[in-house]
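# Notes for the structure review
Each chain is listed here by its residues.
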Amino acid sequence: MTNNDLNADLRTAVGELCSRFPGIYWRELDKREAYPEEFVRALTDAGYLAALIPEEFGGSGLGIAEASIILEEVNRSGGNAAACHAQMYSMGTLLRHGSETQRRHYLPKIAAGELRLQAFGVTEPTTGTDTTQMKTTAVLHDDHYIVNGQKVWISRVEYSDLMLLVVRTTPLEHVNKRTDGLSVLLVDLAEAIGHGMTVRPIPAMINHASTELFFDNLKVPVKNLVGVEGQGFRYLLDGLNAERILIAAECVGDGRWFVERASSYARERVVFGRPIGQNQGIQFPIARAHVDIEAADLIRIRAADLFDNGQSCGAEANMAKLLAADASWEAANVAMQTFGGFGFAEEYDIERKFRETRLYQIAPISTNLILSYIGQHVLELPRSF
Ligand SMILES: Cc1cc2nc3c(=O)[nH]c(=O)nc-3n(C[C@H](O)[C@H](O)[C@H](O)COP(=O)(O)OP(=O)(O)OC[C@H]3O[C@@H](n4cnc5c(N)ncnc54)[C@H](O)[C@@H]3O)c2cc1C
């Protein structure tokens, strides 16, 4: 079987699964701000969320190219892969840097769907994108770390069993480089919540199960340290390319959904005695959105290819994320304009997807920060922060 056959089969299979969860399913959840339990369960049972887990740990050992196709198809179907995408990329931190004991204990259970690793805690309210300045600390005390501090916008904590938490284990003033002294802890959420960790949901523009976390002397066993103490920032960076590529694929999926919906509406909606799509004022923006999505997709495929062949892909992964997020947002606006007033009606899903795809200009990494990466690391322009 060639890669193209595999990918076509994968697209069809994921598309079929997603067709069991139509627009009304997502609209209903959006209204109640509820988590798509049944959908995530179905995706897990079909093995899709274990795509990147090696076969020896019970996963399917696929590459980032295939994993990204899975998420793309979820979004292309009108759903939202954000409910579960983090497991795909955060699992990599455990896989690459976890001890043999941690890998053997957790990965098969994650692959089987017995445990969910859906939460990744980095962002803090007072320091934002400036990660190395984070204030959440973990101090070693006998066989435990004692964690104190606060995180914000940490998603899916209420629907996950495990969370990777980034903390400062050595104070900034005692490290040579600001990127030193951060560590990654694997938090067992059932043990932590109510015993030093409090979760407060954040009502938001989209249904994203995001929360604020408060740590007040939370005890985390030292055996739950992932990798080497103080190296956490490196582990964080190490997972970013996978994250960028997967998010780019979701944006491509969103973009294609918007273009398909807009095209179909523009063919059918008749005003002034002609389909609105006959007017170039409607037709050209849809065509341009399509072109921009296809272009972004090419660099996403290139980035995935480099990643899967073990080559450096920082520039390509970042460019793919930026271009795909821009293209999906452009397509969202074009679809909204094409639908006119009906774009605002919940039943067409345009307004929901419009809100959902807007996120990718800001999270998990904002457009400015990507441009800064390209400026500094690709073009060797002076560092700005
Ligand atoms: C729905 C949602 C879910 C999220 N889920 C998670 C999660 O699960 N885990 C997690 O850790 N985080 C999560 N986040 C946080 C997200 O990663 C951050 O919001 C994002 O990285 C931006 O950080 P900030 O909001 O603190 O913005 P800030 O850092 O305060 O920046 C605000 C704006 O200023 C710009 N800016 C800042 N500094 C510069 C500069 N030097 N040059 C140019 N522009 C600059 C930024 O690009 C941004 O547009 C989530 C956020 C949202 C909204």
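Structural data are supplied above this passage.
Described below are features of the structure shown in this document. None of the values given here were measured: they were computed from a predicted structure.

Thresholds applied
- Residues numbered from 1 in each chain as written.
- Predicted model: local features only at pLDDT ≥ 70, side-chain atom pairs only at ≥ 80, totals over all residues.
- Heavy atoms only, no water.
- Axes fitted to C-alpha atoms, helices over the stretch in contact; angles between N-to-C directions.
- Helix = DSSP H or I, 4+ residues; strand = E, 2+ residues; numbered from the N terminus.
- Parallel < 35°, antiparallel > 145°, perpendicular 65-115°, else oblique.
- Left-handed = near helix turned anticlockwise from the far one by under 90°.
- Contact = heavy atoms within 4.5 Å.
- Nonpolar A, V, L, I, M, F, W, Y, C, P; charged D, E, K, R; others polar.
- Near = heavy atom within 4 Å.
- Polar contact = N/O pair within 3.5 Å; in protein donor to acceptor, adjacent residues only side chain to side chain.
- Areas by Shrake-Rupley, 256 points an atom, 1.4 Å probe, with all protein chains shown as cover.
- Buried < 20%, exposed > 50% of the residue type's maximum accessible area, 1.4 Å probe, protein only.
- Phe/Tyr/Trp six-rings, centres within 6.5 Å; stacked < 30°, edge-to-face > 60°.
- Lys NZ or Arg CZ within 6 Å of the ring centre and 35° of its normal.
- Core = buried A, V, L, I, M, F, W, Y, C linked by side-chain atoms within 4.5 Å.
- Salt bridge = Lys/Arg side-chain N within 4 Å of Asp/Glu carboxyl O.
- Patch = residues over 30% accessible without salt bridge, like charges linked within 9 Å, V, L, I, M, F, W, Y side chains within 5 Å.
- Pairing = 2+ DSSP bridges.

### Examining the packing of helix α5 (residues 85–97) against helix α8 (residues 232–268)
Packing of α5 against α8 leaves a shortest axis separation of 9 Å and a crossing angle of 155°. Classified by the angle between their axes, α5 and α8 sit roughly antiparallel to one another. Note that α5 runs across α8; the crossing there is right-handed. Contacts from H85, M88, Y89, T93, R96 and H97 in α5 reach Y235, D238, G239, E243, L246, I247 and E250 in α8. Grouping the constituent residues of the contact of α5 with α8 by class yields five nonpolar, four polar and four charged.

### So, the site of the ligand
Taken together, 19 residues sit near the ligand, with F120, T123, T129, W153 and S366 positioned nearest. T129 places a side-chain nitrogen or oxygen 2.4 Å from an oxygen atom of the ligand. One nitrogen or oxygen atom from the main chain of P364 is found 3.3 Å from an oxygen atom belonging to the ligand. Here the ligand, which alone exposes 970 Å², has 65% of that area covered by the protein.

### Quick look at α5
Counting buried residues along α5, eleven of its 13 residues qualify, which places the element largely inside the surrounding structure. Those residues of α5 that fall on the buried side of the exposure criterion are H85, A86, Q87, M88, Y89, S90, M91, G92, T93, L94 and L95.

### Description of the packing of helix α4 (residues 64–76) against helix α9 (residues 280–308)
It is at 8 Å that the axes of α4 and α9 come closest, and there the two elements cross at 140°. Viewed along their axes, α4 and α9 adopt a mutual orientation that is oblique. In contact with I64, A65, S68, I69 and E72 of α4, α9 contributes R300, A304, F307 and D308. For the contact of α4 with α9, the per-class residue count stands at five nonpolar, one polar and three charged.

### A word on the packing of aromatic side chains
Tallied over the entire structure, the rule returns eleven aromatic pairs. Ring geometry for W26 and F39: centres 5.0 Å apart, planes at 70°, overall edge-to-face. A residue pair is termed long-range when its members are at least 10 positions apart, and W26 in helix α2 (residues 23–32) and F39 in helix α3 (residues 37–45) qualify at 13 residues. On the basis of relative accessibility, which here comes to 1%, the residue F39 falls in the buried class. Lying across the ring of W257, K353 places its NZ or CZ 5.5 Å from the centre. Positioned above the aromatic ring of W329, the side-chain terminus of R358 is 5.3 Å from the ring centre.

### Concerning the nonpolar core
Counting residues in hydrophobic clusters, the biggest one holds 93 residues, and the most contacted among them are F39, M88 and I110. Examining the composition of this core, we find that 16 residues originate from one element, α8, more than from any other. Those residues within four positions of M88 in sequence are excluded, and the remaining contacts are Y48, L49, A51, L52, A67, I70, L71 and L246. Judged by nonpolar contacts, the second largest core, of 19 residues, contains Y145, V167, L189 and A192.

### Some points on the pattern of salt bridges
One pass over the full model with this rule turns up 26 salt bridges. R11 is paired through a salt bridge with E73; the nearest N and O atoms lie 2.7 Å apart. Of this pair, R11 sits in helix α1 (residues 3–19) while E73 sits in helix α4; the two residues are 62 residues apart in sequence, bridging distant segments of the chain. Its relative accessible area of 25% is what places R11 among the partly exposed residues. The exposure class of E73 is buried, given its relative accessible area of 8%. Here the salt bridges do not stand alone but share partners, grouping R11, E72, E73, R256, E294, D297 and R300 into one network.

### Focus: a nonpolar patch on the surface
A contiguous nonpolar surface patch, about 270 Å² in accessible area, is contributed by V378, L379 and L381. L381 sits in the partly exposed class, given a relative accessible area of 47%.

### Description of the environment of E356
Counting through the fold element by element, E356 comes out in helix α11 (residues 350–358). Each C-alpha atom, one on E356 and one on N80, is 7.9 Å from the other, the two residues being 276 residues apart in sequence. Non-local contacts of E356, meaning those with residues more than four positions away in its chain, are made with G79, N80 and I206.

### Focus on unusual backbone geometry
What is expected of a backbone is that most residues other than glycine have negative phi and most peptide bonds are trans. Residue P364 is bonded to the preceding A363 through a cis peptide linkage, with omega at -5°. Of note, P364 is situated in the loop between α11 and α12 (367–378). One non-glycine residue, D349, lies in positive phi territory at about 70°. Structurally, the position occupied by D349 is in the loop between α10 (314–339) and α11. Even without being a glycine, E380 presents a positive backbone phi close to 55°. Its location among the elements puts E380 in the segment after α12.

### Digging into the pairing of strand β7 (residues 210–221)
Pairing analysis gives ten bridges linking strand β3 (residues 144–155) to β7, with the strands arranged antiparallel. Residue pairing for β7: H144 is matched across the bridge by P221. As paired strands, strand β6 (residues 197–201) and β7 are joined by five bridges and run antiparallel to one another. Its bridge partner being in β7, R200 is matched across the sheet by E212.

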